[in-house]
Amino acid sequence: MAFISSGFNPDKPLENRITDIGPRDFNEFYPPVIARNKGKWLYHEIIEPGVLVHVSETGEEVYTVRVGAARLMSGTLIREICDIADKHCDGHLRFTTRNNIEFMVDSKDKVAPLKADLASRKFPGGSFKFPIGGTGCGVTNIVHTQGWLHCHTPASDASGTVKATMDVLFKDFQDMRLPAQLRVSMACCLNMCGAVHCSDIAILGYHRKPPKMDHEYLDKLCEIPLAIAACPTAAIKPKKITLDSGAIVNSIDVNQDRCMYCGNCYTMCPSLPLADTEGDGIVLMAGGKVSNRISAPKFSKVVVAFIENDMPRWPKMTQTISRMVEAYASGARKYERFGDWAERIGWERFFEKCEIEFTHHLIDDFRDHAYHTWRQTTQFKF
Amino acid sequence: MKFKHATPLLDQLESGPWPSFVSDMKLEAEFRAKNEQGIDFQIPSDTVEDLLGILELSYKHGRTHWKHGGIVGVFGYGGGVIGRYCDQPENFPGVQAFHTVRVNQPSGKYYTTDYLRKLMDIWQLRGSGITNMHGATGDIIFLGTTTPQLEEIFYELTHNVNQDLGGSGSNLRTPADCLGSSRCEYACYDTNALCYFLTQTYQDELHRPAFPYKFKFKMDGCPNCCVASIARSDMAFVGTWKDEIRIDQEAVQAYIGGEIPANGGAFKGSRDWGPFDIQKEVIDLCPTECMWMEGKTLKIDNKECTRCMHCINAMPRALRVGKDTGLSILVGAKAPIVDGAQMGTLLAPFVEVKPEEDYSAVTEVIENIWNWWMEEGKNRERLGELIIRQGFQKALEVCNITPQPCHVEYPRTNPYIFWKEEEVPGGWVNDIEEYRKHHLR
């Protein structure tokens, strides 16, 4: 391969340099019907799962067909998406916050051909390329992080756990039978780049072993005070270590009983990796939400403290999620979010109905967050 | 096509209905191997095959094979590129260096195909062709290129596509928004415009790390919070209104009569919930109990409404948000690292959104908060953690916002109250000798 220059001259890096121009102006990208009716929308309706209509006070309508996507997306697939948008949508499309693609058309008669085209496209392996759904009182796409595909701190894979889960929940992606929307999210370590801590159901990659200490390299690669300061439980202290060679080096010591494996020290110091085949796995959280609708936004609660990584399909994890969804679907009232249902029936019943074992790991013991979660009443259920 | 590495575990993720990322990666690997267009790939042509190979190894080991860190970037920027190297370079040379480039997405994530194709022209030539659409913060993520390509990618992006990088590191992260008034009748302000304005205004903060840690802006057009601003941004801009919910009484009757489906059609699935019952589904579920029927007229005591959105969501053709709209600013939300998860706390109950005044009411709050956090925040301390350490009163004080009951869930339950010296008559200067004249030792 021969190097192709863009025009950048490394000898004169500032020559013709353009910086700080920001993203392109969104106005360049609106479909014409959106540009014409912005701020004038009167109401919307979900016609069927995955298909919406928005009606403007000008009388114009925009029909949206929403499809799921794997988030990880190749240039080849993006070009196919562009071909579809050129054919049906005059070269416009948008993505949603939850990694869906939305194809918009300005009249109803354009919907059926678009739907048929999308539904007909499959990968050679058999999965849909553009499954229609993700609206209303169903399950929409899972937001997630990088996992083993591209990150240095994950305790699990993201794309794989999401694929396994969405295959199991696929009917609910294409249906709207649930009492309210159900949002599932995935983050592959406690850093929660995907911020899953307020989701109806959250899949969280989690380490369970203290960091491995690479004493020989630690002082060369790390600022020891930064690693010490990074620890939320003050489990790290400086220590001189004698190597097998007899050399004495500056390093650290970890009070292992105090470590809760958050990985913050590893972020500050590459010589403290946590990844471990047996130690790593999945935590399931449930009952969070971000909407202010009816009840206040709330955090997800840990309902399963650990499930081992069981590649490639994590069956124990997906079965537990399925049980939670089914218990919610049959037990909750219309409009009731997952967490509101759990709180109404009480956590005693929640664990019973979802057939999840309650263990001591589910009682909070982290600082004063913990105190507010303990039961301080005799109002409990047998 | 036979691939470079066998991937028996990953291959199992090709079946099932949900789009398979494995199948998609294989398509890209084939595209590169066949290279029917004769592209002079600037990173190894088998890079995607090696990516599949190293991921398969992680599935076998149950551990990641990406190394920690790698300081790379483009000249003059401290963010936008994340260095990434694998720990098995000999077995997977195509992903030995596999850096991420964050490209700042346009507001609302609207695209033209022409623009997306231009991005892919760059990325399939100079990178792996694999992307995330989109990353959790919102950027278009280009996954996998080598160090010599970084400046070339940046040059082509800025010169040929008029497009900049996003944020990473201890700086302002790429702001993100819901689609707002562009296609949503609930939007109380133009989220696309505010997101674009703040992104452009704070380019320096986006690209040159000067903060104690990351800082995220997110804009939601209404309290439904579709981009989860309230839970995952250091500063959340949530649209709201001050006046009355607009009612179309005829449409209310149409909902009662079953002519319009409830909740915008969100229940049109396989389950039959029976006929719509306005008393049970709207009036009784109102958290403030501020709604009732008088004959055929729906009444709302708007002064008691907390704008939770339920009635509007349930009957979008009958009820609309008010006309006196603006936004609430909440601060301090974050995921658990370092001190536990935090939800956004209400700081500014109502801010007018005035693009004609360069959103000065919004930028004033931002800059006051930043000045305080940059002065007082410790290394890797998020704004929410500083607020806990120094107290919420301090946040109100630096923003010149008058404390009001809406700032608390309930007033303090402990009377360990700190007073400022100037708040107590006579201050804290005391005279022990004068005291002893009346109180023996």
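Here we summarise the structure given alongside this text. Nothing here was measured: the structure is a model prediction, and the numbers come from that model. (Residues numbered from 1 in each chain as written. Chains lettered and ligands numbered in written order. Predicted model: local features only at pLDDT ≥ 70, side-chain atom pairs only at ≥ 80, totals over all residues. Heavy atoms only, no water.)

Overview of the overall build of chain A
Moving on, step 1. If you tally the helices and strands in chain A, you get 12 helices and 12 strands.
Moving on, step 2. Overall, chain A is about 80 × 75 × 40 Å in size when its C-alpha atoms are taken along their principal axes.
Moving on, step 3. For chain A, with 382 residues in total, the buried portion stands at 60%.
Moving on, step 4. Here chain A has roughly 15,500 Å² of accessible surface; of this, 52% comes from carbon and sulfur atoms.
Moving on, step 5. The averaged location of the 46 negative side-chain charges in chain A is 4 Å from the averaged location of its 46 positive side-chain charges. (Helix = DSSP H or I, 4+ residues; strand = E, 2+ residues; numbered from the N terminus. Buried < 20%, exposed > 50% of the residue type's maximum accessible area, 1.4 Å probe, protein only. Areas by Shrake-Rupley, 256 points an atom, 1.4 Å probe, with all protein chains shown as cover. Lys, Arg positive; Asp, Glu negative; His and termini not counted. Charge placed at Lys NZ, Arg CZ, Asp CG, Glu CD.)

Let's talk about the interface of chain B and chain A
When the parts of a complex come together, some accessible area is lost, and that lost area is often used as the size of the interface.
Moving on, step 1. Contacts between chain B and chain A engage 145 residues on the former and 138 residues on the latter.
Moving on, step 2. The contact between chain B and chain A buries some 12,700 Å² in all, and 58% of this surface belongs to carbon and sulfur atoms.
Moving on, step 3. It is Trp18, His68 and Arg183 of chain B that lose the most area in chain B upon contact with chain A, and together they represent 8% of the buried surface on that side.
Moving on, step 4. Taken together, the links from chain B to chain A amount to 11 salt bridges.
Moving on, step 5. For the salt bridge of aspartate 339 of chain B with arginine 367 of chain A, the shortest nitrogen-to-oxygen distance reads 2.4 Å.
Moving on, step 6. Two strands pair when backbone bridges link them, and strand S4 (residues 72–74) of chain A and strand S4 (residues 130–133) of chain B are joined in this way by 3 bridges, in the antiparallel orientation. When the bridges of S4 of chain B are listed, methionine 73 of chain A appears paired with threonine 131 of chain B. (Contact = heavy atoms within 4.5 Å. Buried area = accessible area lost by both parts, 1.4 Å probe. Salt bridge = Lys/Arg side-chain N within 4 Å of Asp/Glu carboxyl O. Pairing = 2+ DSSP bridges.)

A word on the packing of aromatic side chains
Moving on, step 1. As enumerated under the stated definition, the model contains 43 aromatic pairs over all chains in all.
Moving on, step 2. Seen in terms of ring centroids, phenylalanine 338 of chain A and tryptophan 341 of chain A are 5.4 Å apart; in terms of plane orientation they differ by 75 degrees. Their pairing is edge-to-face. Placement of the pair is phenylalanine 338 of chain A and tryptophan 341 of chain A together in helix H10 (residues 338–345), with a separation of 3 residues, close to one helical turn. Comparing phenylalanine 338 of chain A with tryptophan 341 of chain A shows no difference in burial state: the two are buried.
Moving on, step 3. Aromatic pair tyrosine 255 of chain B and phenylalanine 276 of chain B: ring centres 6.1 Å apart, planes at 55 degrees, arrangement tilted. Placement of the pair is tyrosine 255 of chain B in helix H9 (residues 249–256) and phenylalanine 276 of chain B in the loop between H9 and helix H10 (278–283), with a sequence separation of 21 residues. Of the two residues examined, tyrosine 255 of chain B and phenylalanine 276 of chain B, each falls in the buried class.
Moving on, step 4. The ring centre of tryptophan 273 of chain B lies 3.7 Å from the NZ or CZ of arginine 271 of chain B, which sits over that ring. (Phe/Tyr/Trp six-rings, centres within 6.5 Å; stacked < 30°, edge-to-face > 60°. Lys NZ or Arg CZ within 6 Å of the ring centre and 35° of its normal.)

Focus on the state of the cysteines
Moving on, step 1. A complete count under the given rule lists 1 disulfide over all chains for this structure.
Moving on, step 2. Across the disulfide, cysteine 222 of chain A is cross-linked to cysteine 269 of chain A (sulfur-sulfur distance 2.1 Å). On the sign convention where negative is left-handed, the bridge of cysteine 222 of chain A and cysteine 269 of chain A, at about 65 degrees about the S-S bond, is right-handed. Taken together, the positions of cysteine 222 of chain A in the loop between helix H6 (215–221) and helix H7 (224–230) and cysteine 269 of chain A in the loop between helix H8 (264–268) and strand S11 (281–286) put the pair 47 residues apart, joining distant regions of the chain.
Moving on, step 3. Of all cysteine sulfurs in the structure, the one in cysteine 286 of chain B sits closest to cysteine 290 of chain B, which takes part in no disulfide; the separation is 3.9 Å. (Disulfide = S-S within 2.5 Å.)

Observations regarding the environment of arginine 66 of chain A
Residues and elements named next belong to chain A.
Moving on, step 1. With respect to the helices and strands, the residue arginine 66 is situated in strand S3 (residues 61–67).
Moving on, step 2. Overall, the relative accessible area of 16% leaves arginine 66 in the buried class.
Moving on, step 3. Placed 218 residues apart in sequence, arginine 66 and leucine 284 show a C-alpha to C-alpha distance of 28 Å.
Moving on, step 4. Those residues in contact with arginine 66 that lie beyond four places of it in its chain are Gly50, Leu52, Thr96, Asn100, Ile101, Glu102, Pro131, Ile132, Gly133, Gly134 and Thr135.
Moving on, step 5. Of the polar contacts made by the side chain of arginine 66, one reaches the backbone oxygen of glycine 134; its length is 2.8 Å. (Polar contact = N/O pair within 3.5 Å; in protein donor to acceptor, adjacent residues only side chain to side chain.)

Regarding the pattern of salt bridges
Moving on, step 1. Taken as a whole and judged by the stated rule, the model has 50 salt bridges over all chains.
Moving on, step 2. The partner of lysine 4 of chain B in a salt bridge is aspartate 46 of chain B, and the shortest N-O contact between them spans 2.7 Å. Here aspartate 46 of chain B lies in the loop between helix H2 (21–34) and helix H3 (47–61) and lysine 4 of chain B lies in the segment before helix H1 (8–11), a separation of 42 residues in the sequence.
Moving on, step 3. What makes lysine 4 of chain B partly exposed here is its relative accessible area of 38%.
Moving on, step 4. Where salt bridges share partners, they join Glu80, Lys87, Asp117, Arg121 and Lys129 of chain A into one cluster.

Some details on the environment of arginine 94 of chain A
Moving on, step 1. Tracing the chain through its elements places arginine 94 of chain A in strand S5 (residues 92–95).
Moving on, step 2. Once the C-alpha coordinates of arginine 94 of chain A and alanine 187 of chain A are considered, the two residues, 93 residues apart in sequence, prove to be 24 Å apart.
Moving on, step 3. Residues contacting arginine 94 of chain A, with those up to four places away along its chain left out, are Asn100, Ile101, Glu102 and Met104 of chain A together with Gly108, Lys109, Tyr110, Leu179 and Arg183 of chain B.
Moving on, step 4. From its side chain, arginine 94 of chain A meets the backbone oxygen of glycine 108 of chain B in a polar contact 3.0 Å long.

Thoughts on unusual backbone geometry
Moving on, step 1. Along the chain, methionine 311 of chain A connects to proline 312 of chain A via a cis peptide bond; the corresponding omega equals 0 degrees.
Moving on, step 2. Examined against the element boundaries, proline 312 of chain A turns out to sit in the loop between strand S12 (301–308) and helix H9 (315–331).
Moving on, step 3. One non-glycine residue, alanine 228 of chain B, adopts positive backbone phi at about 60 degrees.
Moving on, step 4. The backbone phi angle of glutamate 289 of chain B is positive, close to 55 degrees, even though this residue is not glycine.
Moving on, step 5. Taking the relative accessible area as the measure of exposure, glutamate 289 of chain B reaches 67% and is therefore exposed.

Some details on the nonpolar core
Moving on, step 1. Judged by nonpolar contacts, the single largest core of 111 residues is most densely connected at Phe103 of chain A together with Phe217 and Phe237 of chain B.
Moving on, step 2. Beyond its immediate chain neighbours, meaning those up to four positions away, phenylalanine 217 of chain B contacts Leu172, Pro175, Ala176, Leu198, Tyr202, Ser233, Met235, Phe237, Ile366 and Trp370 of chain B.
Moving on, step 3. If you look at the next biggest cluster of nonpolar residues, it comprises 69 residues, including Ala70, Phe170 and Ala329 of chain A together with Leu52 of chain B. (Core = buried A, V, L, I, M, F, W, Y, C linked by side-chain atoms within 4.5 Å.)

Considerations on the packing of H2 of chain B against H3 of chain B
Residues and elements named next belong to chain B.
Moving on, step 1. The interhelical angle for the contact between H2 and H3, taken along N-to-C directions, is 145 degrees, at an axis separation of 8 Å. Residues Phe21, Val22, Met25, Lys26, Glu28, Ala29, Arg32 and Ala33 of H2 pack against Thr47, Val48, Glu49, Leu51, Leu52, Leu55 and Tyr59 of H3.
Moving on, step 2. Residue composition of the contact of H2 with H3, by class: 10 nonpolar, 1 polar and 4 charged. (Axes fitted to C-alpha atoms, helices over the stretch in contact; angles between N-to-C directions. Nonpolar A, V, L, I, M, F, W, Y, C, P; charged D, E, K, R; others polar.)

Description of the sheet that holds strand S2 (residues 100–103) of chain B
Moving on, step 1. A sheet is described by the order of its strands in space; here 5 strands give the open sequence S4(A)-S4(B)-S5(B)-S2(B)-S1(B), paired in antiparallel fashion. Looking at which strands have only one partner, the edges of the open sheet turn out to be S4 of chain A together with strand S1 (81–82) of chain B.
Moving on, step 2. Relative to strand S5 (residues 140–143) of chain B, S2 of chain B runs antiparallel, the two sharing 4 bridges. Note on S5 of chain B: the bridge partner recorded for threonine 100 of chain B is leucine 143 of chain B.
Moving on, step 3. Along the sheet, H2 of chain B contacts S4 of chain A together with S4 of chain B; its crossing angle with S4 of chain A, the most-contacted strand, is approximately 25 degrees.

A few points about the side chain of aspartate 276 of chain A
Moving on, step 1. Tracing the sequence through the fold places aspartate 276 of chain A in the loop between H8 and S11.
Moving on, step 2. Within the structure, the side chain of aspartate 276 of chain A is placed 3.1 Å from the side chain of lysine 209 of chain A, a separation counted as a polar contact.
Moving on, step 3. There is a polar contact of 3.2 Å between the side chain of aspartate 276 of chain A and the backbone nitrogen of glutamate 278 of chain A.
Moving on, step 4. Sequence-distant contacts of aspartate 276 of chain A, defined by excluding residues within four places in its chain, comprise Lys209 and Lys212 of chain A together with Gly62 and Arg63 of chain B.

Looking at the packing of helix H2 (residues 75–88) of chain A against helix H4 (residues 113–126) of chain B
Moving on, step 1. Their axes nearest at 10 Å, the elements H2 of chain A and H4 of chain B cross at an angle of 160 degrees. As the angle between them shows, H2 of chain A and H4 of chain B are arranged roughly antiparallel. Classified by chirality, the crossing of H4 of chain B by H2 of chain A is left-handed. Contacts between H2 of chain A and H4 of chain B involve Gly75, Thr76, Ile78, Arg79, Cys82, Asp83, Ala85 and Asp86 of chain A from the first element and Thr113, Leu116, Arg117, Met120, Asp121 and Gln124 of chain B from the second.
Moving on, step 2. Looking at the contact of H2 of chain A with H4 of chain B residue by residue, the classes come out as 5 nonpolar, 4 polar and 5 charged. (Parallel < 35°, antiparallel > 145°, perpendicular 65-115°, else oblique. Left-handed = near helix turned anticlockwise from the far one by under 90°.)

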